[in-house]
Amino acid sequence: MSKYPHKSIEEKWQRRWQDDDFMAVDLARDERKYYCLMMFPYPSGDLHVGHGRNYIIGDALARLKKMEGHEVLAPMGWDAFGLPAENAAIENNIHPAEWTKKNIARMKEQFYRWGVLYDWSREITSCEPEYYRWTQWLFLQLFKNGLAERRAASVNWCPSCKTVLANEQVIDGKCERCGTLIEERFLEQWFFRITEFADELLDGLDSLVDWPERVIQMQRNWIDRSEGLEIDFVIKGTKTPVRCYTTRPDTIFGATFLVVSPEHPVVNKLIGGTEREVAGREFIATEKAFKLSSKDRMEPRKTGFFTGRHARNPLTNEDIPIYLAPYVLMDYGTGAIMAVPGHDQRDYDFAKTYDLEIRDVIEAPSGVTVPEGTVFTGKGLLRNSGDYDGQTSDGAFDGIVKHVEEKGIGQRKTNYRLRDWLVSRQRFWGAPIPIIHCEKCGPVAVSEDDLPVLLPDDVDFRPSGDGKGPLAASESFVNVRCPDCGGKAKRDTDTMDTFVDSSWYFLRYMSPDNTDAPFEKSLVDRWLPVDQYIGGVEHAILHLLYARFVTRFLHSIGAIDFSEPFRRLFTQGMITKNGAKMSKSKGNVVSPDPIIDAFGADTMRLYILFAGPPERDAEWRDDSIEGCNRFLNRVYRMFEDHSDVIKSSVNMDVSVETLDASAKALFRKAHWTILRVRSDLEGHFHFNTAISACMELSNEMKAFTDRTLPAPGTDAAAVFAFAFDVLIRLLSPMTPHLCEEMWERLGHADSVFRSDLPVAVPEYAKEDMIELVVQINSRIRAREQVDAGLDDARLREIALSNERIKELLGHKKPKKVLVIQGKLVNIIA
């Protein structure tokens, strides 16, 4: 029996694709353009099979779109600056530039072996001066528009990486890169004022209908816009107000104490020179020693300190105690809250700890049960609230805000959790910040004609740890003349966060060699937003939010005509091993090289795509890859055994009326498979079920040849040849090498990817399959190709298990699920 000679076939087609510049795109042909983009990787070492899922899904999609007749732009580049590359270089005692170059070469070799194709003429590398010149240009545009500013701030300092980190790069109080506990430092740093775009970024999420709901919600929660009231509580015996922020003015009559952040400047006024000062300072020092993240500070560990002071509640005219507690954060609201233990769980826990008054001022709606140990936090009717008794929470909100504003003791206020983007890094391997500091003129922008500001080559790239960064050690780099006054000045010695590099790279692919501008406006306006963006959900807040911000900024200055960078987003799940994410430290990394050597790249691709729904995590199983290899060998043997019949009959017309039952069943199965595969791949990339359908067709073809050996020129041969043609073309995006080989051996002069995808005739498949329409509240939300004749229970199950439907429903439980005439499911939610 013939075995698929994967090595010779794959090497042949990899050379052919490379020699033909197979993925080269003509940007002038934009009538049916399709910009298919995979997130560009950090060149930090060998790729394992877990990495491969992203790139193989993207490659299969790009090939599929070519067969659909699209002009496909599929570029690739390297996110080459930043801590991952620099830390690896330090560990291996090699310069980051050399380390990066070496890894890029290795990763390109791996892409090549996987059969993953890109338009390499558009390759970009963020650490090359030709690229970071324009990253510096972007910084200058933000600076000139008042959106890049240097200011003193309390920042997150990683003592291991010896640099500051943005809030988004601190996970549970630790550095996301190395896991070291973060310290707080007060330093002069550069920030991008992303908060100026908070409303745009939040409201713009509504337009991203083809993004995963999970990502939308993560960004919504991170920006976290809240409408509320700022109100003054005057410290008893003084005229000093403590301004508090609350999103629930309707509960102010239940405010029985104030809580102030230990970092609040009013603390000195509260405890300075009092008998409580020493104990208060010790409390603050102890809390700082815990080095808790903002998230951890808000957890139930309710420690507090009574300042000995009271403040007047301006609506009840009662004097209430003032406490310090770490669960109130200085960087949200005003850093002080009015505590309402009757209707806020954290305030309740704190009040129980310190035996403080708990007052109920909101009546829960009828039928609502509040479990013991918890409080009602929702809206209802006010009680114990003076003139506002009996009003709804919403009505009292407006009335109390109006009253406070009329008295001049507060104002309506919109707040955000989102903070400005800290972009300074005290490291070597990044784009230098293009600013010159002059004692007379202040911070001055480097002239755009003098970009790029190059990294110096006369310094030790290892971090100094003194808060200045390695660039400060180069006198030739630092000491310059002020562009404005000509006096002595010094360059900024920080480099930029690597997320600045990746916030705009998708624009550069249009014109990577342009020396006059970062991108050609006419091209980006025609080709963007990106039609399909593919990458990990771990970038939901960092990269994706920053890219949206930069795009909206560029739109605001007229540099581009669109305001969102990515029309559709797909976030793939991880490939795990032994139940955990693959990593060298866990010892569970699966290298692709031995798999390709033993079974071929097509087998690896097929397994990764077949492992499960691509948006979910999938466990790597060594035995399962052998099953995928057996399937490809069966297809190859069937081709070898019947290639003469297929060649001679592939162009024959099929007359359905004259087919016997067996041939008609295979013909119907082929059309059913076309419908099923194209439905599975359209929009949600369910390659796993598409492959399963192809396997079913293959099994039907094998059974057909076992029953009836098709002779050339017969109806049976014509049907079998048609089915094999369908199988090759449908499988080709997933297993391109083998399918290209069989396609060529059938006598085709051009690539299978320059042929069209097969098109089904629905009536030929109708006995096997129908289209199930799925609605939510009578609005069409999904379509599924399903077997005909399924009962209502099975149709309900299919509708509710649809990934799009599950995403839209979230945690909501359907009230009713109606099945109508076996073809439509309407979910009432």
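The shown structure was predicted, so the numbers you read here are calculated from the model rather than taken from an experiment.

## Observations regarding the sheet that holds strand β22 (residues 442-445)
Here comes step 1: The strand order across the open sheet formed by four strands is β22-β21-β24-β23, and the pairing between neighbours is antiparallel. At either margin of the open sheet sits one strand with a lone partner, and together these are β22 and β23 (479-481). On average, each strand axis in the sheet is inclined to that of its neighbour by 40°, with strand direction left out of account.
Here comes step 2: Two strands pair when backbone bridges link them, and strand β21 (residues 435-438) and strand β24 (residues 488-491) are joined in this way by two bridges, in the antiparallel orientation. Following the sheet pairing, Ile436 is matched in β24 by Arg491.

## Here we look at the sheet that holds strand β27 (residues 569-572)
Here comes step 1: Read across the open sheet, the four strands follow the order β2-β1-β26-β27; overall the sheet is parallel. Either end of the sheet is taken by a strand with one partner, and the two such strands are β2 (71-73) and β27. With direction set aside, neighbouring strand axes in the sheet form an average angle of 20°.
Here comes step 2: The pairing of strand β1 (residues 33-38) with β2 spans three bridges and is classified as parallel. The residue of β2 that forms the bridge with Tyr35 is Leu73.
Here comes step 3: Against the sheet, helix α2 (residues 49-67) engages β1, β2, β26 (532-536) and β27, with an angle of about 170° to β1.

## Description of the environment of Gly146
Here comes step 1: Along the chain, Gly146 falls in the loop between α5 (129-144) and β5 (148-158).
Here comes step 2: The partly exposed category is assigned to Gly146, whose relative accessible area is 30%.
Here comes step 3: Considering only alpha carbons, one finds Gly146 and Arg193, 47 residues apart in sequence, at a separation of 8.2 Å.

## A look at the pattern of salt bridges
Here comes step 1: Tallying each qualifying case throughout the model produces 58 salt bridges.
Here comes step 2: Across the salt bridge formed by Arg462 and Asp460, the nearest N and O atoms sit 3.0 Å from each other.
Here comes step 3: Residue Arg462 is classed as partly exposed on the basis of its relative accessible area of 32%.
Here comes step 4: Residue Glu797 pairs with Arg794 through a salt bridge whose shortest N-O separation is 3.1 Å. Highlighted residues: Glu797 and Arg794, both in helix α26 (residues 792-801), separated by three residues, approximately one helical turn.
Here comes step 5: Through salt bridges with shared partners, a single network forms among Asp46, Arg106, Glu109, Arg113, Asp593 and Asp597.

## A look at unusual backbone geometry
Here comes step 1: Along the chain, Leu451 connects to Pro452 via a cis peptide bond; the corresponding omega equals 5°.
Here comes step 2: With respect to the helices and strands, Pro452 occurs in the loop between β22 and α13 (475-478).
Here comes step 3: In this chain, Leu528 is followed by Pro529 through a cis amide linkage whose omega measures 5°.
Here comes step 4: Mapping Pro529 onto the fold places it in the loop between α16 (521-527) and β26.
Here comes step 5: Even without being a glycine, Asp21 presents a positive backbone phi close to 45°.
Here comes step 6: Structurally, Asp21 is set in the loop between α1 (6-19) and β1.

## Observations regarding the environment of Phe724
Here comes step 1: Inspection of the secondary structure assignment puts Phe724 in helix α23 (residues 715-731).
Here comes step 2: Residue Phe724 is classed as buried on the basis of its relative accessible area, which comes to 0%.
Here comes step 3: In this structure, the C-alpha to C-alpha distance between Phe724 and Phe566, residues 158 residues apart in sequence, is 37 Å.
Here comes step 4: Other than its neighbours up to four places away in sequence, Phe724 contacts Val635, Met638, Phe639, Ile646, Met701 and Met742.

## Quick look at the pairing of strand β33 (residues 816-820)
Here comes step 1: Side chains of β33 alternate between two faces, with Val817 and Val819 buried and Lys816, Leu818 and Ile820 left unburied.
Here comes step 2: Two elements, β33 and strand β34 (residues 824-828), share five bridges in a ladder whose sense is antiparallel. Bridge pairing in β34 places Leu818 opposite Asn826.
Here comes step 3: Taking the residues that link successive antiparallel strands as the turn, the β33-β34 hairpin has three residues, and the phi of Gln821 there is positive, at about 55°.

## Topic: the packing of aromatic side chains
Any two aromatic rings considered together are summarised by their centre-to-centre distance and by the angle between their planes.
Here comes step 1: Going through the model one piece at a time under the given rule, you end up with 43 aromatic pairs.
Here comes step 2: When the centroid spacing of 5.7 Å and the interplanar angle of 75° are considered together, the rings of Tyr505 and Tyr509 count as edge-to-face. With respect to class, Tyr505 is no different from Tyr509; both count as buried.
Here comes step 3: Ring centres 5.0 Å apart and planes at 70° place the aromatic pair Phe506 and Phe566 in the edge-to-face group. Here Phe506 is found in helix α15 (residues 505-508), whereas its partner Phe566 is found in the loop between α17 (543-556) and β27, with 60 residues between them in sequence. Each member of the pair, Phe506 together with Phe566, is buried.
Here comes step 4: Joined through ring pairs, the aromatic side chains of Phe139, Phe143, Trp190, Phe192, Phe197, Trp421, Phe499, Tyr546 and Phe549 make up one cluster.
Here comes step 5: One Lys or Arg, Arg63, reaches over the ring of Phe753 and ends 4.7 Å from the middle of that ring.
Here comes step 6: Sitting over the ring of Phe477, Arg491 keeps its end group 5.6 Å from the ring centre.

## A closer look at the packing of α23 against helix α24 (residues 736-745)
Here comes step 1: Axis separation between α23 and α24 bottoms out at 9 Å; the angle between their running directions is 145°. α24 is crossed by α23, and the crossing has left-handed handedness. For the pair α23 and α24, the contacting residues are Phe724, Asp725, Ile728, Arg729 and Leu731 in the first and Cys739, Met742 and Trp743 in the second.
Here comes step 2: When the residues that make up the contact of α23 with α24 are grouped by side-chain class, the tally is six nonpolar, no polar and two charged.

Analysis parameters
- Residues numbered from 1 in each chain as written.
- Predicted model: local features only at pLDDT ≥ 70, side-chain atom pairs only at ≥ 80, totals over all residues.
- Heavy atoms only, no water.
- Pairing = 2+ DSSP bridges.
- Helix = DSSP H or I, 4+ residues; strand = E, 2+ residues; numbered from the N terminus.
- Axes fitted to C-alpha atoms, helices over the stretch in contact; angles between N-to-C directions.
- Contact = heavy atoms within 4.5 Å.
- Buried < 20%, exposed > 50% of the residue type's maximum accessible area, 1.4 Å probe, protein only.
- Salt bridge = Lys/Arg side-chain N within 4 Å of Asp/Glu carboxyl O.
- Phe/Tyr/Trp six-rings, centres within 6.5 Å; stacked < 30°, edge-to-face > 60°.
- Lys NZ or Arg CZ within 6 Å of the ring centre and 35° of its normal.
- Left-handed = near helix turned anticlockwise from the far one by under 90°.
- Nonpolar A, V, L, I, M, F, W, Y, C, P; charged D, E, K, R; others polar.

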